[in-house]
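Single-letter residue listing:
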Amino acid sequence: MNGNLVEYVKYDASYEEEVIRVFTEAFKNYPLFYNIFEDNFETEEKLLDFYKMVIKAIFKATIRKDACYVGLKDGQVASIIIVESPDNKPIGVWDYIVCGMPGVIMKLGIKNTFKFMDLSDRTEVVVRSIKEPHWYLYFLAVDPEFHGEGIGSDAIRNFLIPLVKKNNGKLITVTTNTEKNVSFYLNNGFSLVEEETLEYNSKPFGNWTFRMDLQ
């Protein structure tokens, strides 16, 4: 299934190193994965090392249950889509345990790790409350090298929507924790379901839930 700007292929292990690199770069400074941990580390270097560990664990846990697609431009990984179909089971604690969470616990401590996992669950409360069968866009990541080229919009319009329609899907949902993404999703056909403010160790950040009803 081809988009206008990139070609999407199903993820396999041969893409792992490059995909994790793009995933890490795309979500650097993302509130849920980076900013909330700033106070736990004395140096930027230690924070960055920890962040990379978290991203790798989250990526590996997610693809145990959900479909991952890699967007290639001139043979280079330019974007990543991870989507949960209505038939997929939610990611559980065991998925994280076997994918690197013990290393996160060692760095962050058990208490803060479970606070983070609880926080992650709370970001999905609204989207999980939607009763209609829906495809959940878990992650859309674009390599910063390709920002500004329309690859994110292309991924939604020319890959994700056709993929869902091909599988008789009628509804796509997504959440984001950064305000700059709000206009992106609105401009690409999503409607805002709810805006919330969540907290981690008294540090507030936004949480926006969207839906797109397909014809």
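One can find the structure itself at the top, above this paragraph.
In this report, the structure presented in the accompanying data block is examined. Worth saying up front: this structure is predicted, and the values here are computed from it rather than measured.

A few points about the overall build of the protein
Step number 1: Per the secondary structure count, the protein includes 8 helices and 7 strands.
Step number 2: Judged by the C-alpha coordinates and their principal axes, the protein covers about 45 × 40 × 30 Å.
Step number 3: Within the protein, the proportion of its 215 residues that are buried is 50%.
Step number 4: Looking at the protein alone, contacts between residues at least 24 apart form 74% of all its contacts between residues at least 6 apart.

Comments concerning the sheet that holds strand β1 (residues 7-10)
Step number 1: Across the sheet, 7 strands lie side by side as β1-β2-β3-β4-β5-β7-β6; this open sheet has mixed pairing. Edge positions in the sheet fall to β1 and β6 (191-200), since each of these pairs with one other strand and no more. When the angles between neighbouring strand axes are averaged without regard to direction, this sheet yields 25°.
Step number 2: With 4 bridges joining them, β1 and strand β2 (residues 67-73) adopt antiparallel strand pairing. Note that in β2 the partner of Y8 across the bridge is G71.
Step number 3: Against the sheet, helix α7 (residues 151-166) touches β1, β2, β3 (76-84), β4 (135-142), β5 (171-176) and β7 (203-213), its axis set at about 150° to β4.

Some remarks on the side chain of T123
Step number 1: Tracing the sequence through the fold places T123 in the loop between α5 (110-122) and α6 (125-128).
Step number 2: The residues touching T123, leaving out its near neighbours within four places in the chain, are L32, T175, N177, L198 and N207.

Parameters and conventions
- Residues numbered from 1 in each chain as written.
- Predicted model: local features only at pLDDT ≥ 70, side-chain atom pairs only at ≥ 80, totals over all residues.
- Heavy atoms only, no water.
- Helix = DSSP H or I, 4+ residues; strand = E, 2+ residues; numbered from the N terminus.
- Buried < 20%, exposed > 50% of the residue type's maximum accessible area, 1.4 Å probe, protein only.
- Contact = heavy atoms within 4.5 Å.
- Pairing = 2+ DSSP bridges.
- Axes fitted to C-alpha atoms, helices over the stretch in contact; angles between N-to-C directions.

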